[in-house]
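# Reading the structure
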Amino acid sequence: MSRTFRLFIFYCTRTLENEAEFLPAADPAVEVHAIPMACSSMVKDLFLLKALEAGADAVTVWVCPEGACRHGEGNLRARKRVQRVQSLLDEIDLYGCRLTLFHLGPGDRSSAIKILREISGDLAGLGENPAGIQKDRSKKQGTSNNTS
Amino acid sequence: MIVGEQKPIKEILNMTAPHHRLLVLGCGTCVKTCFAGGEDEVAALASLLRLASRKDGRSLHIEEFTVERQCEDAFIAEAAEAVARNEAVLSLACGAGVQAVARRFPRFRVLPGVNTTFLGVLEHRGVFTEECSGCGDCQLALFGGVCPFSRCAKKLLNGPCGGSRNGKCEVHADTDCVWHLIIERFTALGRLNDLRTYVPPKNWQPSLSGGPRKLIREDHTL
Ligand code: SF4
Ligand code: SF4
């Protein structure tokens, strides 16, 4: 594999408790940074933009199903913030589709793995983020997955 | 508070295009409350500008700074060193703040990043409504504390137009009919008879229509 994409996952620990549940299934060509959140309402526009600045080629936010947020409306707030950042990215021609949001039920590992594979597949078409800081794209596959 | 919203990013990019060192300057009072220009908005806009400039291969260094109020020289002074390090300032304050910063730093270009919109209140989280036009001659006592100059689409001063439906304005169906609110208010106060007093046409001379205004408090001047 000659290139490594970088993916940031912001996930509510109500969906999956920790990254050990999905990181092993990540495509080795994709460097994954997983950021746990006590509630998806913690997602802010700045965090999503900073992830892209830090070189993310794609950013995804995983929230619990609508109506299931333990704090009431965290996942609804997260969705609105993601939509706003998507439209800002479209406005600067960086493609809002680099940013996605998925609903996952508690412990729904198989959906998480399916989503990871879908995003990895989409990254090839989307290409690298031209606005991120330079990263070492020649990194060997499977060596760079980590958490931050 | 003064309510405003950030300008479209394309407009901001066009305005700032000639500059390579830009200070994004926030204001921690009104525009912070309406999510247009506080510290968080400064950080997010700076991040977006960095992404846009990197994508376009344009060299742009951005510094972020937020003062308590951009409409007061004592607070603006705190930004002097940051201003000096940059070529231009993108102010996220209201129009008054932008002008105050420009006056303080005459050799620097100061650009507006916010569209100043109205004087209003926070109705509920994320929703701001216009409630005062700054007319310079407050008549709220005549209307039970609800302002028809600012909140009636037809600026009616002697009762409703008759077009409201279920308490909503016939011009903007999502807006309360201000006369419905005034009558409710007088009913609650037991002062419905106040409505019999004829209110003459408003003198707009003390408003902006009479030209730019100035307020002088002699006891605070020397
Ligand atoms: S009467 Fe004038 S000052 Fe008073 S609330 Fe209305 S517009 Fe504002
Ligand atoms: S419906 Fe009420 S607020 Fe709207 S124009 Fe008529 S009187 Fe004014």
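Just so we're clear, the structure is a prediction, and the values are computed from it rather than from any experiment.

About the cut-offs
Residues numbered from 1 in each chain as written. Chains lettered and ligands numbered in written order. Predicted model: local features only at pLDDT ≥ 70, side-chain atom pairs only at ≥ 80, totals over all residues. Heavy atoms only, no water. Domains from an automatic or database assignment. Pairing = 2+ DSSP bridges. Helix = DSSP H or I, 4+ residues; strand = E, 2+ residues; numbered from the N terminus. Axes fitted to C-alpha atoms, helices over the stretch in contact; angles between N-to-C directions. Contact = heavy atoms within 4.5 Å. Salt bridge = Lys/Arg side-chain N within 4 Å of Asp/Glu carboxyl O. Buried < 20%, exposed > 50% of the residue type's maximum accessible area, 1.4 Å probe, protein only. Parallel < 35°, antiparallel > 145°, perpendicular 65-115°, else oblique. Left-handed = near helix turned anticlockwise from the far one by under 90°. Nonpolar A, V, L, I, M, F, W, Y, C, P; charged D, E, K, R; others polar. Phe/Tyr/Trp six-rings, centres within 6.5 Å; stacked < 30°, edge-to-face > 60°. Lys NZ or Arg CZ within 6 Å of the ring centre and 35° of its normal.

### Here we look at the domain arrangement of chain B
Much of the literature gives interface size as the accessible area that the parts lose upon coming together. For chain B, the assigned domains read domain 1 (2-118) and domain 2 (136-206). Domain 1 of chain B and domain 2 of chain B are separated by 38 Å when their C-alpha centres are compared.

### With respect to the sheet that holds strand β4 (residues 88-91) of chain B
Residue and element names in this part refer to chain B. Strand order in the open sheet formed by 4 strands is β3-β2-β4-β5, with parallel pairing between adjacent strands. Two strands in the sheet have a free side with no partner beyond their single neighbour: β3 (61-67) and β5 (109-112). Strand-to-strand twist in this sheet, taken as the mean axis angle between neighbours without regard to direction, amounts to 25°. Across 4 bridges, β4 lies against β5 in parallel orientation. Across the sheet, the residue bridging to A88 is R109, located in β5. Across the sheet, helix α3 (residues 39-55) is in contact with β2 (21-27), β3 and β4; its angle to β3 comes to roughly 170°.

### Remarks on the sheet that holds strand β1 (residues 2-6) of chain B
Residue and element names in this part refer to chain B. Taking strand neighbours across the sheet as the criterion, the 3 strands line up as β1-β6-β7 in an open arrangement whose pairing is antiparallel. Two strands bound the open sheet, and with one partner strand each, they are β1 and β7 (127-132). Between one strand axis and the next, the sheet turns through 70° on average, direction left out of account. With 5 bridges connecting them, β1 and strand β6 (residues 114-124) associate as antiparallel partners. Each bridged residue has a counterpart across the sheet, and for E5 the counterpart in β6 is N115.

### Description of the pattern of salt bridges
Counting across every chain of the model gives 17 salt bridges over all chains. For R79 of chain A, the salt bridge is made with E66 of chain A, and the minimal N-O distance between the two is 3.1 Å. Taken together, the positions of R79 of chain A in helix α2 (residues 74-91) and E66 of chain A in the loop between β3 (58-63) and α2 put the pair 13 residues apart, joining distant regions of the chain. With relative accessibility at 26%, the residue R79 of chain A sits in the partly exposed group. Given the relative accessible area of 46%, E66 of chain A is considered partly exposed. Across the pair R191 of chain B and D194 of chain B runs a salt bridge, and its minimum N-O distance is 2.9 Å. Residue class for R191 of chain B comes out partly exposed when judged on its relative accessible area of 44%. Members of the salt-bridge network, linked through shared partners, are E53 of chain A together with R50, R54 and E64 of chain B.

### Regarding the packing of helix α1 (residues 45-53) of chain A against α2 of chain A
All names here are of chain A. Between α1 and α2, whose axes approach to 9 Å, the crossing angle comes to 45°. Regarding the angle of α1 to α2, the classification is oblique. For the pair α1 and α2, the sense of crossing is right-handed. Across from D45, L48, L49 and L52 in α1, the residues of α2 making contact are V82, R84, V85 and L89. Class assignment for the residues of the contact of α1 with α2 results in 6 nonpolar, no polar and 2 charged.

### Description of the packing of aromatic side chains
A full pass over the atoms with the stated rule returns 6 aromatic pairs over all chains. Measuring from centroid to centroid gives 5.3 Å for Y11 of chain A and F22 of chain A, while their planes differ by 85°, and the two rings are edge-to-face. Separated by 11 residues along the polypeptide, Y11 of chain A in strand β1 (residues 5-12) and F22 of chain A in the loop between β1 and β2 (30-37) bring together distant segments of the chain. With respect to burial, Y11 of chain A and F22 of chain A carry one shared label: buried. An angle of 80° between the planes, with centres 5.7 Å apart, marks the rings of F149 of chain B and W204 of chain B as edge-to-face. With F149 of chain B in helix α7 (residues 148-151) and W204 of chain B in the segment after α8 (178-189), this residue pair connects regions lying 55 residues apart in the sequence. By relative accessible area, W204 of chain B is classed as partly exposed at 30%. Above the plane of the ring of W204 of chain B lies K202 of chain B, whose end atom (NZ or CZ) is 5.5 Å from the centre.

### A few points about the environment of G134 of chain B
Residue and element names in this part refer to chain B. Along the chain, G134 turns up in the loop between β7 and α7. The exposure class of G134 is partly exposed, given its relative accessible area of 22%. Considering only alpha carbons, one finds G134 and F65, 69 residues apart in sequence, at a separation of 30 Å.

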